[in-house]
Amino acid sequence: MKFSEVIGQQEVQERLVQMVKEDRLPHAMMLCGPAGSGKMALAVAFGCYLLGLKDNTDPYAQTEHPMLAKLEHPDLHFTYPTIKLPSMSSDHKPVSDDFAREWHELIMQGPYFTLDQWLTAIGAENQQAIITAGESDELVRKLSLKSSQGGYKVSIIWLPERMNIECANKLLKLIEEPPTQTVFLMVCEEPDKLLETIRSRVQRIDVKKIDNDIVRQALIERRGISEEAAMRISRLANGSWLKAMEALQAGTENEQFLDLFMMLMRLAYQRRVRELRKWSETMAGFGREKQKRFLQFFMRMLRENFMYNFQQQDLVYMTQEEEDFAKNFARFINEANILQLYDLTNLAIRDIGQNANAKIVFYDFALKIIVLLIQK
């Protein structure tokens, strides 16, 4: 993969390349930023650049080594969250290699993907994926080997915040005493969940949201859509290429979430408790990651309807379908209830993350919405 395949982020690209040219490349870096900003794309492109230095020092070269183009270079190692399959023995600690085929298929489709897409690819259902201590043992083994090509060895760790404590402690030791010519590239969305000792030993590089105009241009050039459609989608995406791609797809998850949001609000307004119980049972049928994504979507809808209610059109980012619902609904989201609605949603996100009974969480959530909607 080449830097030219990354959407925007020119400043970060130049910073990474400059560190190599000035011979001040740290052995461990952490790319932090929101989902869809291109952290993984940057990590993969930079990793390929490091591994291709012997053949080409131009980061924007048109040609690329076949092994790097297919992401099959023997010195390029990927680490990512995994689950325990029923077929695995009781004492087996899942490692990335157990899911190498699924990972390769997903990343070759493009380096912009979500955790849920990964969980779907490996059949996680309701399991929460983590990085186990077995993975850190595998990394020690792999990185202790001599580079097959005589250059760098690159370890890309996707979502290191999902390491369990045993794995994190072992990785800390590996970072403190890194093998020769090894570069760790962590791709992180929630750095505060990492051990402080790990955060203090890596160089953090913050990756900002992609500029809306760059998203718009990329939609026109790479997806062939009209200027008007690209303008609306880029505004809605708000710096996330993932959200831009979601907006392009018919029947997306966001459309399902919008239906669930509208159903919840209508039933709560009408105080139809029995139907709200059925709604909560529907929500309980989703995996926990999807439940948390719905609640994040719910918070976005709160924010957009609040802004719409106060006629702040320049600050409103909604699809046409979302705006059509907001025309009649937005007045119910106001200064009297917005903070309580946010607190209620954050509490539900916490409870779902702590494996609380989802049916109870969402039924309680729905019943409290009834009370908050009638506040003036």
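Asks: How do you make sense of the packing of helix H16 (residues 338–353) against helix H17 (residues 358–373) when you look at a structure like this?
Replies: When two helices pack together, their arrangement is given by the angle between the helix axes and by the axis-to-axis distance. Relative to each other, H16 and H17 sit at 175 degrees, their axes nearing to 10 Å. The angle between H16 and H17 falls in the class roughly antiparallel. Within the contact between the two elements, H16 uses Gln340, Leu341, Leu344, Thr345, Ala348, Asp351 and Ile352 and H17 uses Ala358, Val361, Phe362, Phe365, Lys368, Ile369 and Leu372.

Asks: Explanation requested: the environment of Met40 in the structure shown.
Replies: Relative to the elements of secondary structure, Met40 occurs in helix H2 (residues 39–51). What makes Met40 buried here is its relative accessible area of 5%. For Met40 and Ile107, which are 67 residues apart along the polypeptide, the C-alpha to C-alpha distance reads 9.6 Å. What Met40 contacts, discounting residues up to four positions off in sequence, is Phe78, Trp103, Ile107, Pro111, Ile156, Trp158 and Val187.

Asks: Could you clarify how one ought to interpret the state of the cysteines in this entry?
Replies: Note on terminology: a disulfide is the covalent bond linking the sulfur atoms of two cysteines. By the definition in use, this model includes zero disulfides. Not engaged in a disulfide, the cysteine Cys167 finds its nearest cysteine sulfur in Cys188; these two sulfurs lie 13 Å apart. Lacking any disulfide linkage, Cys188 is separated from the closest cysteine sulfur, that of Cys32, by 4.8 Å. In this structure Cys188 comes out as buried when scored by relative accessible area, which is 0%.

Asks: Teacher, can you tell me more about the sheet that holds strand S1 (residues 28–32) here?
Replies: Backbone hydrogen bonds are what pair the strands of a sheet, in a parallel or an antiparallel way. A sheet is described by the order of its strands in space; here five strands give the open sequence S2-S3-S4-S1-S5, paired in parallel fashion. Only two strands of the sheet have a single neighbouring strand rather than two, namely strand S2 (76–79) and strand S5 (203–206). Taken over all neighbouring pairs, the strand axes of this sheet differ in orientation by 20 degrees on average, direction set aside. Pairing between S1 and strand S4 (residues 182–188): five bridges, direction parallel.

Asks: What should I look at first to understand the pairing of S1 in this one?
Replies: Successive residues of a regular strand alternate their side chains across the two faces of the sheet. Burial runs high along S1: five of the five residues are buried. Pairing geometry for S1 and S5, over four bridges, is parallel. In the sheet register, Met29 faces S5, and the bridge partner there is Gln203.

Asks: Whenever I open this one, the packing of aromatic side chains confuses me. Can you help?
Replies: The geometry of an aromatic ring pair is captured by two quantities: the separation of the ring centres and the angle between the planes. Enumeration according to the criterion identifies 22 aromatic pairs in this entry. Residues Phe257 and Phe294 carry aromatic rings whose centres are separated by 5.6 Å and whose planes lie at 75 degrees to one another, so their mutual orientation is edge-to-face. Of this pair, Phe257 sits in helix H12 (residues 253–270) while Phe294 sits in helix H14 (residues 288–309), and the two are 37 residues apart along the sequence. On the accessibility criterion, Phe294 (0% relative accessible area) is buried. Their ring planes at 25 degrees and their centres at 5.0 Å tell us that Phe325 and Phe329 sit as a pair that is stacked. Within this pair, Phe325 and its partner Phe329 are both found in helix H15 (residues 320–329), separated by four residues, close to a single helical turn. Residue class for Phe325 comes out buried when judged on its relative accessible area of 11%. Through a chain of ring-to-ring contacts, the aromatic side chains of Phe257, Phe261, Tyr269, Trp279, Phe294, Phe297, Phe298, Phe325, Phe329, Phe332, Phe362 and Phe365 assemble into a single cluster. Positioned above the aromatic ring of Phe286 is the side chain of Lys290, whose terminal nitrogen or guanidinium carbon lies 4.3 Å from the ring centre.

Asks: Looking at this model, I keep getting lost on helix H7 (residues 165–176). Mind explaining?
Replies: Note: α-helices contain 3.6 residues per turn, so residues at a spacing of three or four share the same orientation. With twelve residues, H7 should cover 16 Å at 1.5 Å per step; its first-to-last C-alpha distance of 17 Å lies within 8% of that length. Every buried residue of H7 is listed here: Cys167, Ala168, Leu171, Leu172, Leu174 and Ile175. Projected down its long axis, H7 carries its buried residues within an arc of 165 degrees, all on one side. Away from its buried face by more than 90 degrees, H7 exposes Ile165 and Lys173. Looking at the buried side of H7, the elements it contacts are S1, helix H6 (133–143), strand S3 (153–158), S4 and helix H8 (196–199).

Rules of the game
- Residues numbered from 1 in each chain as written.
- Predicted model: local features only at pLDDT ≥ 70, side-chain atom pairs only at ≥ 80, totals over all residues.
- Heavy atoms only, no water.
- Axes fitted to C-alpha atoms, helices over the stretch in contact; angles between N-to-C directions.
- Helix = DSSP H or I, 4+ residues; strand = E, 2+ residues; numbered from the N terminus.
- Parallel < 35°, antiparallel > 145°, perpendicular 65-115°, else oblique.
- Contact = heavy atoms within 4.5 Å.
- Buried < 20%, exposed > 50% of the residue type's maximum accessible area, 1.4 Å probe, protein only.
- Disulfide = S-S within 2.5 Å.
- Pairing = 2+ DSSP bridges.
- Phe/Tyr/Trp six-rings, centres within 6.5 Å; stacked < 30°, edge-to-face > 60°.
- Lys NZ or Arg CZ within 6 Å of the ring centre and 35° of its normal.
- Expected span 1.5 Å × (residues − 1).
- Arc of directions from axis to C-beta.

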